[in-house]
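# Remarks on the overall topology
Okay, here's what each chain looks like letter by letter:
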Amino acid sequence: MTTTDQGGPGAPGAPSNPTAQAAGGDGAWADVVGQEAVVAQFRRAASSPESLAQAWLITGPPGSGRSTAARAFAATLQCEVGSGCGRCHACRTVLAGTHPDVTVVATDKLSIAKDEVRALVMTAQRAPATGAHRVMIVEDADRMSAGTFNVLLKSIEEPPPATVWMLCAPSAEDLAPTIRSRCRQVTLSVPSSDVVAELLRRRDGVPEDLALRAARASQGHIGLALRYATQEGALAAREDSARTLLSLRGAGQAVLAAQELVDRATAEAKTHADTVATEEKERFLRSAGIDDGKIPPSLRSQVRQLEEDAKRRQTRLVRDVLDRYLLDVHSVLRDVMSRQLATGSELVNVEVAGEIEQVAANGSGSTTLQLLEAVQEARNRISGNVPPLLAIEALLARIALDQR
């Protein structure tokens, strides 16, 4: 888990360009796109400190901007003029990740541990150092266990007067009832492709055509759209995967495709996890004053813990990569069903329109609907600790047989 004051500019979920965000057309809220009603609600709350809720649950689909909205709200609460101007020192430090009274928790492991939450609760008890509030933002709050929620409950129920908690999760049902009942809930929607493309152009300098392709492929997922627009080969790999999916005609092909996919996801996850693990170990050794690589016995257990964290991080990353693929599969099948039902909807996967038309002509809408349900089932299986290869093999084999 990463716990820092505002998470730092490179923290998971942080704005990719805090300076650009602060200079945007609407101050601290410049990167909260397609969420006008939510922004208005947050601004009303910030303008009425006497009735400000001290616990917030910010929900919305992956990529809808939950963390970005929480940071913008935090900046508004700390803003020296009270509007989230994006220009004052308080706004700029919150958006840049250096404000001492804003703590962001982000995990790239499977769960947030009790001991880590206990440390957060202790931080939440401290009075603000410079700002009007002490703000605690917990990204991926759904990755807490029932026992961990119990550790947090007391602080959510009776926070110090100046403390504000912001919990981010895909849905309210992902949190314990005792927690969500004590929070004011705000729900974000999926922004449109046009809105996401405009954000990529304005904030990240992505060319218009590429921004539109990336936004459409991401289906409103802002972080994924940025990845498609800036990571070389990402869009091409997605299109190749779509063609492979639409060309499956037998169980043998499905098994080979599943193995290749899981191998690729594992390699991608291992590369990232190894990089993070190396950085964490080097940082630990520097803080311990070790420059010769010789770890004293008293510190070996901590080094082993870093290694265990790296393994858990890789496990989660593999699942995340596969879930991203399953969302792409869902979009392809939805395009197929759209053609079968003649809805007239614009295709998400326009680059493989020919293959989509062919598969649609050879199948039925009812069968495709069943396949869409099978995709969701595969996602649930992977999140429920079913071996990823088995879940992906079962799904692709079913798709292959239905496309014969």
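Cut-offs used in this document
- Residues numbered from 1 in each chain as written.
- Predicted model: local features only at pLDDT ≥ 70, side-chain atom pairs only at ≥ 80, totals over all residues.
- Heavy atoms only, no water.
- Helix = DSSP H or I, 4+ residues; strand = E, 2+ residues; numbered from the N terminus.
- Rg over C-alpha atoms; globule rule 2.2 N^0.38 Å.
- Buried < 20%, exposed > 50% of the residue type's maximum accessible area, 1.4 Å probe, protein only.
- Core = buried A, V, L, I, M, F, W, Y, C linked by side-chain atoms within 4.5 Å.
- Contact = heavy atoms within 4.5 Å.
- Phe/Tyr/Trp six-rings, centres within 6.5 Å; stacked < 30°, edge-to-face > 60°.
- Expected span 1.5 Å × (residues − 1).
- Arc of directions from axis to C-beta.
- Disulfide = S-S within 2.5 Å.
- Axes fitted to C-alpha atoms, helices over the stretch in contact; angles between N-to-C directions.
- Parallel < 35°, antiparallel > 145°, perpendicular 65-115°, else oblique.
- Left-handed = near helix turned anticlockwise from the far one by under 90°.
- Nonpolar A, V, L, I, M, F, W, Y, C, P; charged D, E, K, R; others polar.

The protein chain is annotated in an unreviewed UniProt entry as DNA polymerase-3 subunit delta of Brachybacterium fresconis.

The next subject is the overall build of the protein chain. Check the secondary structure of the protein chain and you find 16 helices and six strands. Computed over C-alpha atoms, the radius of gyration of the protein chain comes to 23 Å, within 12% of the 22 Å expected from 2.2 N^0.38 for 404 residues, which places it in the range of a compact globule. Counting only C-alpha atoms, the protein chain reaches 65 × 55 × 40 Å along its principal axes. For the protein chain, buried positions account for 50% of its 404 residues.

On to the nonpolar core, then. The biggest cluster of nonpolar side chains holds 40 residues, and the ones touching the most others in it are Leu 245, Leu 326, Ile 392, Leu 396 and Ile 399. Of all elements in the fold, only α11 (234-247), α12 (251-287), α13 (297-340), α14 (353-362), α15 (365-383) and α16 (388-402) reach the threshold of two or more residues within this core. Among the elements that take part in this core, α13 stands out by supplying eleven residues, more than any other. Leaving out residues up to four positions away in the same chain, Ile 399 has contacts with Leu 245, Val 329, Leu 333 and Leu 371. If you look at the next biggest cluster of nonpolar residues, it comprises 35 residues, including Val 39, Leu 77, Met 166 and Cys 168.

Applying the stated rule across the entire model yields four aromatic pairs. Summarising the aromatic geometry, the rings of Trp 29 and Phe 42 are spaced 5.8 Å apart at their centres and angled 20 degrees between planes, so their arrangement reads as stacked. Residue Trp 29 is located in the loop between α1 (18-22) and α2 (36-46), and its partner Phe 42 is located in helix α2; the two are separated by 13 residues in the primary sequence. In this pair, the class of Trp 29 matches that of Phe 42, namely buried. Aromatic side chains Phe 42 and Trp 56 sit 5.5 Å apart centroid to centroid with 50 degrees between the ring planes, which places their arrangement in the tilted category. Within this pair, whereas Phe 42 is found in helix α2, its partner Trp 56 is found in strand β2 (residues 55-59), the two being separated by 14 residues in sequence. By relative accessible area, Phe 42 is classed as buried at 0%. For Trp 56, a relative accessible area of 0% corresponds to the buried category. Connected via pairs of aromatic rings, a cluster forms that spans Trp 29, Phe 42, Trp 56 and Phe 73.

With 14 residues, α11 extends 20 Å between its outermost C-alpha atoms, agreeing within 8% with the 20 Å of an ideal straight helix rising 1.5 Å per residue. Every buried residue belonging to α11 is among Ala 234, Leu 235, Arg 238, Glu 239, Ser 241, Ala 242, Leu 245 and Leu 246, and all of these are buried. The buried side chains of α11 occupy one side of the element, clustering within an arc of 155 degrees when seen end-on. On its buried face, α11 is in contact with α9 (208-218), α10 (222-230), α12, α13, α14 and α16.

What follows covers the state of the cysteines. Tallied over the entire structure, the rule returns zero disulfides. Cys 79 supplies the cysteine sulfur nearest to Cys 91, a cysteine that is in no disulfide, at a spacing of 3.7 Å. Here Cys 183 is not disulfide-linked; the sulfur of Cys 168 is the nearest cysteine sulfur, at 11 Å. A residue is classified by how much of its surface remains accessible, and Cys 183, at 12% relative accessible area, is buried.

Positive phi is not limited to glycine here, since Ala 342 has a value of about 50 degrees. One non-glycine residue with positive phi stands out, namely Asn 385, at about 75 degrees.

Below, the discussion takes up the environment of Glu 36. Mapped onto the secondary structure, Glu 36 falls in helix α2. For Glu 36, a relative accessible area of 60% corresponds to the exposed category. With 152 residues separating them in the primary sequence, Glu 36 and Leu 188 have C-alpha atoms 9.6 Å apart.

At a closest axis distance of 10 Å, the pairing of α2 and helix α3 (residues 66-78) adopts a crossing angle of 25 degrees. Classed by the angle they form, the pair α2 and α3 counts as roughly parallel. Crossing hand, α2 versus α3: right-handed. Of α3, the residues touching α2 (which contributes Phe 42, Ala 45 and Ala 46) are Ala 69, Phe 73, Thr 76 and Leu 77. When the residues that make up the contact of α2 with α3 are grouped by side-chain class, the tally is six nonpolar, one polar and no charged.

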